[in-house]
Amino acid sequence: MISQHRYPPEYYQKSLDALEASLKLGAYRSWRAFDLGDGNSVDDRYALLPALTKSDIRAHFPGGFVPRDKDVESGLTSGEISYVKTSGSAGAFQVTNIWNQGWWDASERASWRLNSHATRLATGDHPEAILANSLNVGFISDDGDLPLEKRRLGRFLFLNEKTDPSRWTPEIMDRMIGELEIFRPVILEANPSLLAKLCRYAAAEQIAPYQPELIVFTYEYPSRLHLRQIRRVFGSPLASSYGTTETGYVFMQCEAGKFHQNTEFCRVDFQPLKKEHGGPDLGRILVTTFDNPWYYMLRFDVGDLARLDKDQRCPCGRDSALIISTIEGRFINATLTADGRLVTLRRLDDAISTIDGLDEYRLEQPAPGLYQLHLVSRRQDRDTLEREVKQKLREVYGKAAEINVIYEESLSPEDSGKYSLAKALFPLKIEDYLDGGVVSD
Ligand SMILES: [Zn+2]
């Protein structure tokens, strides 16, 4: 599959160091039984180990992930580390992690090298505006509006302080657009659904906002619908940055549109899905962090599905390490066809986004074979729209799919602060979809 020569020798040394240091820690004690040990290749040793889940983190936090020579209490007191809670896209599933700002910043800086625009623009002290849910980052204020100076932090400006963007008023959106003009960010980091909402407003009001030199998407899967709405307003280059609180920056989308691995800071193991569910190019990714002295994440299941780039080459010339053609959305945003095959968010999104005149959507699957599509659209020809939508969904889910379309005025994010575009309302287990075979080169 992915041949070894794609990685520099340091990558294997870092993989080995992370493995051996982790296996000494409490959280991974039971994993030692799976380790092939010395004399085997590091890839083979990794391949037989389990995946680290959020429940494992909860069960062993914090002591199980911190080496003996580090003292959490003194790290917290000195400010070198802090605790950070993630709401996670799994809704109520809250996890606390150890946050090491120095390591995080270094991981981010390394990821910038994977995109030429970011390499050129991101100096580390460049002004950056962030448009995200305040539940995820920044300052929260639902009752009153915070003035600009109360939403500044270092080189950052947080454009939004509201937890439910469906309640943004025209005044708030005018303010955000005005602040882009005042602050003139080099980079705008945005949650794509929120930026799309702002862009729908700007397009309707025929406002041409200040154009940052690069727009970086984080937090959410960027729907094609959202990308189209953003493109009507912004001509700036777009790039997705992929990472998690647990793992730092894992992939960065280059200027040619593919995702490159941040090999200085993490190892990625790819586990293909079964053929009938989209494998072997489609699979889940497990991330091992490098060189974070405070927190050892070994084969952490980041919860996303990714598609391997078929030829593992990129026009940008970054032809080493793992190349992903697309992140396909989170596993919890996967649904099933009427006959039980996995449908990634990307596949659904590609189909729905071909329909004209949609502002937003959310697909829920309450039971096998049943689908409820919540739609926000200004189209008046609802019968035609409904026919188009049902036809598109049947192409994805099968002729037997029973589909209801529900029109909404607007859609609100989940408790996590992120929008859910699709979801099965019954439990799915990733293990049922993974190819059982051991993954190796
Ligand atoms: Zn590239």
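Our subject is the structure that appears above.
All values reported here derive from a predicted model rather than from experimental measurement.

What is the right way to look at the pairing of strand β14 (residues 323-330) in this model?
Two faces belong to every sheet, and in a regular strand the side chains alternate between them. By the criterion of burial, β14 is predominantly enclosed, with six of the eight residues buried. The pairing of strand β10 (residues 259-261) with β14 spans two bridges and is classified as antiparallel. Within the sheet, the bridge partner assigned to F259 lies in β14 and is I324. Here strand β13 (residues 300-308) pairs with β14 via five bridges, running antiparallel.

I tried to follow the sheet that holds strand β9 (residues 248-253) on my own but got confused; where do I start?
Adjacent strands of a sheet form backbone hydrogen bonds with each other and so pair up, either parallel or antiparallel. Strand order in the open sheet made by the 12 strands is β4-β5-β3-β6-β7-β8-β9-β10-β14-β13-β12-β11, with mixed pairing throughout. Edge strands, defined here as strands with exactly one partner in the open sheet, are β4 (152-153) and β11 (266-272). Here strand β12 (residues 282-289) pairs with β13 via five bridges, running antiparallel. Note that in β13 the partner of L282 across the bridge is R307. Contacting β10, β11 and β12, helix α1 (residues 9-23) runs over the sheet at an angle of about 85° to β11.

Teacher, can you tell me more about the nonpolar core here?
If you look at soluble globular proteins, the nonpolar side chains tend to sit buried side by side. Grouped together as the largest cluster of nonpolar side chains are 44 residues, with contacts concentrated most on Y28 and F251. When residues of this core are traced back to their parent elements, those giving at least two are α1, α2 (42-47), β2 (95-99), β9, β11, β12, β13 and β14. The leading source of residues in this core is α1, at five residues. In this structure F251 touches S240, S241, Y242, F259, H260, Q261, V268, I285, L322, I324 and I327, once residues within four positions along its chain are discounted.

Criteria and cut-off values
- Residues numbered from 1 in each chain as written.
- Predicted model: local features only at pLDDT ≥ 70, side-chain atom pairs only at ≥ 80, totals over all residues.
- Heavy atoms only, no water.
- Buried < 20%, exposed > 50% of the residue type's maximum accessible area, 1.4 Å probe, protein only.
- Helix = DSSP H or I, 4+ residues; strand = E, 2+ residues; numbered from the N terminus.
- Pairing = 2+ DSSP bridges.
- Contact = heavy atoms within 4.5 Å.
- Axes fitted to C-alpha atoms, helices over the stretch in contact; angles between N-to-C directions.
- Core = buried A, V, L, I, M, F, W, Y, C linked by side-chain atoms within 4.5 Å.

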